[in-house]
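Structure assessment
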Amino acid sequence: MSDFRAIRAKIAALESGTRAQAGVLPFGDASLDDRLPGGGLPLGRWHEIVGVGLEAETSAAPAAFAALMARPLARRGEAVWVLRRDDLWAPGLAGLGFPPERLIQVCARDEAETLMVMEDALTTVGVSAVFGEVEDVDLTAGRRLQLACEKRGGTGFVIRRRPFGGARHREAAGSVAATRWCVKPAPSEPTTGDFGLGAPRYHVELQRCRGGRTGAWILEADQAYSWEATDVAHPLRLVAALGDRELAPAQSAQARAA
Amino acid sequence: MRRLAAVNRAAAKLGLYAGQKATDATALVPGLATEEADPQADAEALIALIDWCVRFSPAVAADAPGGLFLDITGVAHLWGDEAGMMADFRERLLTSGLPFRMSIADTPGAAWALAHFGLDQAIAPPGEQAELLKALPPEALRLPPEAAAQIGRLGLRRLEQIIALPRAPLARRFGAATLERLDQALGRSAEALRFRRPPTPWLARLALVEPISTPEDMARVTQDVTAKLCARLEAGSHGARRFEIAFHRVDGKALPLTLGLSLAGRDARRIARLFQPKLETVDPGFGIECVTLAAYDVEATSGRQGRIDADLAVTIEDGLAPLIDRLVNRLGPERVWRDAAVESHVPELSVGRAPVLGGAPSEAMPWDREVPRPVRLFRRPEPIEDVTALLPDDPPLQFRWRGRLHRVRRAEGPERVGEEWWKRGIDEISVAHVRDYYRVEDAEGSRFWLFRAGLYGGSDVPPKWWMHGLFG
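Predicted model, so just to flag it, every value in this text is computed and none were measured.

What counts as what
Residues numbered from 1 in each chain as written. Chains lettered and ligands numbered in written order. Predicted model: local features only at pLDDT ≥ 70, side-chain atom pairs only at ≥ 80, totals over all residues. Helix = DSSP H or I, 4+ residues; strand = E, 2+ residues; numbered from the N terminus. Buried ≥ 20, exposed ≤ 12 C-beta atoms within 10 Å, placed from the backbone. Contact = placed C-beta atoms within 7 Å. Nonpolar A, V, L, I, M, F, W, Y, C, P; charged D, E, K, R; others polar. Pairing = 2+ DSSP bridges. Axes fitted to C-alpha atoms, helices over the stretch in contact; angles between N-to-C directions. Core = buried A, V, L, I, M, F, W, Y, C linked by C-beta atoms within 7 Å.

Counting its secondary structure elements, chain B contains 13 helices and 17 strands. Each of the 472 residues in chain B was classed as buried or not, and the buried ones make up 31%. Within chain B, counting contacts between residues at least 6 apart in sequence, those at least 24 apart form 52% of the total.

Next up, the structure:
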């Protein structure tokens, strides 16, 4: 196993070429981190987060998940969130432990402008995470985002969001994103004896992962809606790992990438 | 009654004067051509003229209805001397076709007197305006009408007679205003002019030998004029937050472009680059012959410190401020913001927009993180239908939103939010504005923030249900 890891690290070093290694952001749970290259969410890359069904339009669970995932990053620098519809609500993010004083919101007029602002923000010193709500990222735009990420080691989060009532957009053929997550809300479980809702849970599927493996899990926001939320090292807690059925498609995806 | 508001030179020769009854005037001069007075348009034209005059000096004050003061302290040398400047000014005014008179003197009062009653284009040598003023009538002092009438009654026809009078009786007889005007004209007391734009010492001007019109030339000129001003700012350890560049066209129009910075800056290349996308909006017409750049909100900024390690010492000035400036100037200031807490219990009012940088620190209480709030909040709550609830105060069991039926699995609430009744009239307050919020989760796990507006049984209108946000 250790030989295997050593080879994998060697390949990763070869692949990265001259680009600076920006490190990884571990989730704090082995069953997740082992699937990801380097043992955590790769920084200095961009990640794709999609919702399904209603969430493809409203994009509430993907936004919440992205904010939770990037929460440790927000402590290192500013976070820029590029929107098309300004319905993101900072008190909600604050409840999930995302520092609202670090959040800069930008409302762009169209897709191209959203991507342009994202690129601009990613190359800026002092900005650690950039979120963008776009309908689709084609191959060229994805490459440009990747180059912008590599310039300063900024991490991008592309939240795929369809305009309300819009037709289903044709899926881009390939993507340069480091990872692709499909996020659905999952029923919460309050602790026994409590009534009402429990901590927010998400059904998260890692659909694509460069240099890693795919998987599916149910994750829970740790310490959500409390003043301690900001102090937790790993904002997402594993509740259950779901079936490991994605091994075969993952290999074919890697073959495609290669 | 209709009166003449103004007369031109030819009409004045015929004995007509401003304030004359229109009927008298037409009786005196049959076939008199008149035009309706439009004070609004006159004032606008004066403003336009003042804006044009900025190419000569940044300090221009209006002297309504038909005059203006130009403070040429320290600028005349750009034309060689005062006479040269006046000649250039005169030539350019002549092309506009406006009738005018002008003069240069030490004080605004003396200049006004000479321009209105003295020789046209008189230049009073420094400290010698009293000599030139002596021969002028007392009206040249810009006096209140009563004082002017009183002076006329007493037979004082020339200013030298007034200057010769002892000061105390002069003030007693004609009022303190007369004495003050006299002092102002003679330079014994200072007069504050209300300049159209606040005078800024931070002004750079670039006169071009040949008028330019191509975009490349305009970009280069912008860079040059910015570099010129920024070098001065740098030398004085200053930075500015607002810049205004004006392109003066050959036909006398000045086209301004403004630029705001989130933090005071003086990086010439950065500022020029921020102007770049806006240059397209400037129509150069037949060419631009002069460019001015003014800096406002100038404040002292510390000098640039060389960094040892680029990664360790990241300053806002290096990274964030240029980004925010680029975004604000490209998208508009209302499209870039930080959400800031506002003290209100009404959800949509509890968030305000603050500027990203340089805003005053908010004194409002931060949001309570222990009450769950949605990640997405709809600007307008969306109606939900087919709501069934067991009891009036119970959360709904199911509801239909956007054509889909949701069965509620878990629910929390109600959280009652009243309206801000103290901000409304007493007759507008109603229980229909009371909202009961519920946080519900449907069978698939989607979490919603719903509210019921109004109470059951209270009024005739049944309460309505709304979707206000999504937790995700």
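Read on for the rest.
Another aspect to go through is the interface of chain A and chain B. The interface is formed by 42 residues belonging to chain A together with 41 residues belonging to chain B. Here the side of chain A that touches chain B takes six residues from helix 6 (residues 90–95) of chain A, the largest share from any one element. Within the side of chain A that touches chain B, the residues separate by chemical class into 29 nonpolar, nine polar and four charged.

Residues and elements named next belong to chain B. A sheet is described by the order of its strands in space; here four strands give the open sequence 5-8-6-7, paired in antiparallel fashion. Two strands bound the open sheet, and with one partner strand each, they are strand 5 (203–212) and strand 7 (254–265). For this sheet, the mean angle separating the axes of adjacent strands, direction not counted, is 15°. Judged from the 11 bridges that link them, strand 6 (residues 238–249) and strand 8 (residues 288–300) form a sheet pairing that is antiparallel. Residue pairing in the sheet places Arg249 in a bridge with Ile288 of strand 8. Running over the sheet, helix 11 (residues 215–235) touches strand 5, strand 6 and strand 8 and is turned about 155° from strand 5.

The next point concerns the nonpolar core. Phe65(A), Ala66(A) and Val106(A) are the most contacted members of the largest nonpolar core, which totals 101 residues. Counting residues per element, this core draws most heavily on helix 4 (residues 60–69) of chain A, which supplies nine residues. Apart from residues no more than four positions distant in its own chain, Ala66(A) is found in contact with Ile49(A), Phe131(A), Phe157(A) and Ile159(A). Counting residues in each nonpolar core, the second largest holds 60 residues, with Ile50(B), Ala124(B), Ala246(B) and Leu293(B) among its members.

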